[in-house]
Structures are given as C-alpha cells and as structure tokens.
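# Close look at the chain arrangement
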Amino acid sequence: MPCQSRTVISWSDTNPGMRFLKCATRVVGCDFWYWVDKPHEEFLRQLLVDLREAIKGLRQEKTELQQRVQAQQMTISVLQAELEDARREKSVLQLELQDADRRNVGVEGVFSDTARGLGRTEWDGSAYGSPRRVEKLEKGRSILWGAVACCVVFILAFFCCCVGCKLCCSSSNA
Ligand SMILES: [Zn+2]
C-alpha cells in the first residue's frame, strides 16, 4: 500500500520557502520526500531568510510584550484590590470617627450640665483639673478645717465653763 503524502514548506537556511512532499502516514522506517519547487536564486533565498528572521524577531517581541502586559495587568489587579481594601478601611474609620464625635458631644454635654450644677456659669475644660484649681480647692479645705477647729475649741470652752459653773453653784447651795 503506497504512503499518503503531504506538502510542507521548508524554512531552512539553504532552502527557504521551498515546498516538498513527505510521508503523511508516519510509517516507521519510511523516509519518502520529494521537492516540489525548483531551487530559488541566491537573492531570493537570502531575502526569504532575512524575512524569516524578521518575522521570528517580531514574534519574540510580541510574546515579550504580551508577557509584560500580563504582568502589568496583574499589578493593576493587585493595586485595585488594595485600593478597595483602603476604601473599605476608610469607610469604617469614618464611621468610627462619627461615632466618637457623637459620644464626645454627649460627654461634653454631661460635663457642662455638671459644671452648671456646681454653680459655674460656663464650662471651661482647660481649667478643669489644672494645678491652679487644685490649689484653690486645697486652700478652701484648709479654711474649712480651721473653722471646724475653732468651733470645736469654742464648744469645749463653753462646756468647761458650764461644768465649772454647775460645780460652783452646787457647792454654794450645799
Ligand atoms: Zn511513507
């Protein structure tokens, strides 16, 4: 049974662009092949080799560019994902900030009410807990303790005087 043949184009340096027939059934040991075209002139052969090299270079450049584009697209995807994460984080932080602001306003209101309840006309957060205020409070406490001590001394003196007087009266009666 004769082999089936197929047409192939050679791109070798010696026979570029020349068609030949070869065995298509791939029978083991069959080495049938046959040139279809006559050999090209030297100018045409060199031209085809040059064009083959140019095409090969362009294909390689295209592959490299496609790889670079793919790498850039991956980088863009990663950056977009990071941007989305950062936006989500920003939204969460904005909500937390709003919540903190609301709580701060509430706390300031409570402090203002307390300050008014203590007789202060205006809430001054900067003076609250300052060394000057502490000094003022300590001075007030000293004055208070002095007044208490004076009262105790006065009461003791009064009591002693009364007891002494009762003793005198009872002895004179007797
Ligand atoms: Zn064959």
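Structure: above.
Quick caveat, the model's predicted, so the values are computed rather than measured. (Residues numbered from 1 in each chain as written. Predicted model: local features only at pLDDT ≥ 70, side-chain atom pairs only at ≥ 80, totals over all residues.)

### Here we look at the sheet that holds strand β1 (residues 5-10)
In space, the three strands of this open sheet follow the order β1-β2-β3, with antiparallel pairing throughout. Across the chains shown, the open sheet's two edge strands, defined by having one partner strand only, are β1 and β3 (33-35). Taken over all neighbouring pairs, the strand axes of this sheet differ in orientation by 25 degrees on average, direction set aside. In this structure, β1 lies alongside strand β2 (residues 18-23), joined through six bridges in antiparallel fashion. (Pairing = 2+ DSSP bridges. Helix = DSSP H or I, 4+ residues; strand = E, 2+ residues; numbered from the N terminus. Axes fitted to C-alpha atoms, helices over the stretch in contact; angles between N-to-C directions.)

### Topic: the pairing of β2
Relative to β3, β2 is paired through three bridges, and the arrangement is antiparallel. Looking across to β3, one finds that Leu-21 is bridged to Tyr-34.

### Overview of helix α1 (residues 42-117)
Taking 1.5 Å of rise per residue, 76 residues should cover 112 Å, and α1 covers 111 Å from first to last C-alpha, within 8% of that figure. Counting buried positions along α1 gives zero out of 76 residues, so the element sits mostly on the surface. Immediately beyond the C-terminal end of α1, within one or two residues, lies Gly-119, with a positive phi of roughly 95 degrees. (Expected span 1.5 Å × (residues − 1). Buried ≥ 20, exposed ≤ 12 C-beta atoms within 10 Å, placed from the backbone.)

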